[in-house]
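The residues making up each chain are set out below.
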Amino acid sequence: MSSDRENIFRARDDPGAFAAVFDKYSALVHRYVARRVDAQVADDVMSETFLVAFERRASFDGSEDARPWLLGIATNLIKKHARLEAKAWKGLVAADLGEVRLDAIDEANARLDATATAKRIGAALRRLPAGDRDALLLYAWGDLNYEGVAVALNIPVGTVRSRLNRARHKLRIAIDPGAARDEEVEHERGLAPASDS
């Protein structure tokens, strides 16, 4: 079995060799994208991910694992899709086409959530800065390690660690709002001077 590097390098001269990369990773990329966007859009983003990867195969860095590269492309396409969708919603509102409710998407997602905890986690994920959210989702849903996330987002590994730490902290608080109060109390106790008695 050929490695990702061999298949992608061979695809530079023999485009058909790229099929092995698609066969190996299409389900993974689709699963990652489908967790971030609706199913109909996920098919398009997954397809576009491999189209972009195929077009950019000559610029592949030569690593043994193509997952960070592919999931980085997918993450950028998800952001592009979100920007285009937001622009379309703004256009609809500006044109005053009927009663468009901008929160309809959030309401639909809330109905799909199985528990109140899932709702809080979803809201916390949406409030995360985009960089923190991307790092967390590549790590959790893309099944990448810290180095893989760093490659996918083109950032240092230390930045990945910082982003994951911040994201985990915020999600812990979303899961258990009392955790924030407990942390504040512990912090205050740590700052209080020790008694001499």
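Naming follows an unreviewed UniProt entry, where the protein chain appears as RNA polymerase subunit sigma-70 of Marisediminicola antarctica. Database annotation for the protein chain, UniProt heading Sequence similarities (unreviewed entry): "Belongs to the sigma-70 factor family. ECF subfamily."

J.: Pulling in residues and values, what's your account of the overall build of the protein chain?
T.: When helices and strands are tallied, the protein chain shows 10 helices and 0 strands. Expressed as a percentage of the 197 residues in the protein chain, the buried residues total 33%. Sequence-distant contacts in the protein chain: of pairs separated by 6 or more residues, those separated by 24 or more amount to 60%. In the form shown here, the protein chain has an accessible surface area of approximately 12,200 Å², with 53% of it arising from carbon and sulfur atoms.

J.: I'd like a description of unusual backbone geometry, backed by residues and values.
T.: Negative phi characterises most residues that are not glycine, and trans characterises most peptide bonds. A positive phi angle, close to 55 degrees, is found at Asp143, a residue other than glycine. Position of Asp143 relative to the elements: it lies in the loop between helix H7 (130–140) and helix H8 (146–153). Even without glycine at this site, Asn154 takes up a positive phi of about 60 degrees. Here Asn154 shows up in the loop between H8 and helix H9 (157–175).

J.: I'd like a rundown of the nonpolar core, residues and numbers included.
T.: If you look at the biggest cluster of nonpolar residues, it comprises 46 residues, and the most contacted ones within it are Val33, Trp69 and Leu70. For this core, the secondary-structure elements that each account for two or more residues are helix H1 (4–11), helix H2 (19–34), helix H3 (39–55), helix H4 (67–95), helix H6 (116–127), H7, H8 and H9. Each of domain 1 (1–104) and domain 2 (108–192) gives at least three residues to this core. Sequence-distant contacts of Val33, that is, excluding residues within four places in its chain, are made with Ala42, Val45, Ala74 and Ile78.

J.: Please provide a residue-by-residue account of the side chain of Asp4, values included.
T.: As for its position among the elements, Asp4 is in helix H1. The exposure class assigned to Asp4 is buried, which follows from its relative accessible area of 2%. Within the local environment of Asp4, its side chain forms a polar contact with the backbone nitrogen of Ala66, the two atoms lying 2.9 Å apart. Residues within four places of Asp4 in sequence aside, it is in contact with Lys24, Tyr25, Glu64, Asp65 and Ala66.

J.: How would you sum up the side chain of Asp132? Please name residues and give values.
T.: With respect to the element layout, Asp132 can be found in helix H7. Take Asp132: its relative accessible area is 4%, and that puts it in the buried class. Once residues within four sequence positions are removed from consideration, Asp132 is found in contact with Arg163, Arg166 and Ala167.

J.: Can you lay out the pattern of salt bridges for me, pointing to particular residues and giving the numbers?
T.: Applying the stated criterion across every chain, the model contains 7 salt bridges. For Lys80, the salt bridge is made with Glu48, and the minimal N-O distance between the two is 3.4 Å. Of this pair, Lys80 sits in helix H4 while Glu48 sits in helix H3, placing them 32 residues apart in sequence. Here Arg67 and Asp65 are joined by a salt bridge, their closest N and O atoms 2.9 Å apart. When its relative accessible area of 25% is taken as the criterion, Asp65 is described as partly exposed. Residues joined by salt bridges that share partners form a network here, namely Arg36, Lys79 and Asp134.

J.: So what's going on with the confidence of the model for the protein chain? Which residues, and what values?
T.: Chain-level statistics for the protein chain give a pLDDT mean of 80 and a share of 72% at 70 or above. Helix H5 (residues 104–112) is the least confidently modelled element of the protein chain, averaging 51 in pLDDT, while H8 averages 94, the highest of any element. Every residue in residues 96–100 is under pLDDT 50, and counting partners more than four places away or in other chains gives 3 contacts. Contacts for the low-pLDDT stretch residues 192–197, under 50 throughout, to residues beyond four places or in other chains number 0 contacts.

Parameters and conventions
- Residues numbered from 1 in each chain as written.
- Predicted model: local features only at pLDDT ≥ 70, side-chain atom pairs only at ≥ 80, totals over all residues.
- Heavy atoms only, no water.
- UniProt positions renumbered as here; feature names shortened; annotations may be inferred.
- Helix = DSSP H or I, 4+ residues; strand = E, 2+ residues; numbered from the N terminus.
- Buried < 20%, exposed > 50% of the residue type's maximum accessible area, 1.4 Å probe, protein only.
- Contact = heavy atoms within 4.5 Å.
- Areas by Shrake-Rupley, 256 points an atom, 1.4 Å probe, with all protein chains shown as cover.
- Core = buried A, V, L, I, M, F, W, Y, C linked by side-chain atoms within 4.5 Å.
- Domains from an automatic or database assignment.
- Polar contact = N/O pair within 3.5 Å; in protein donor to acceptor, adjacent residues only side chain to side chain.
- Salt bridge = Lys/Arg side-chain N within 4 Å of Asp/Glu carboxyl O.
- pLDDT = per-residue confidence, 0-100.

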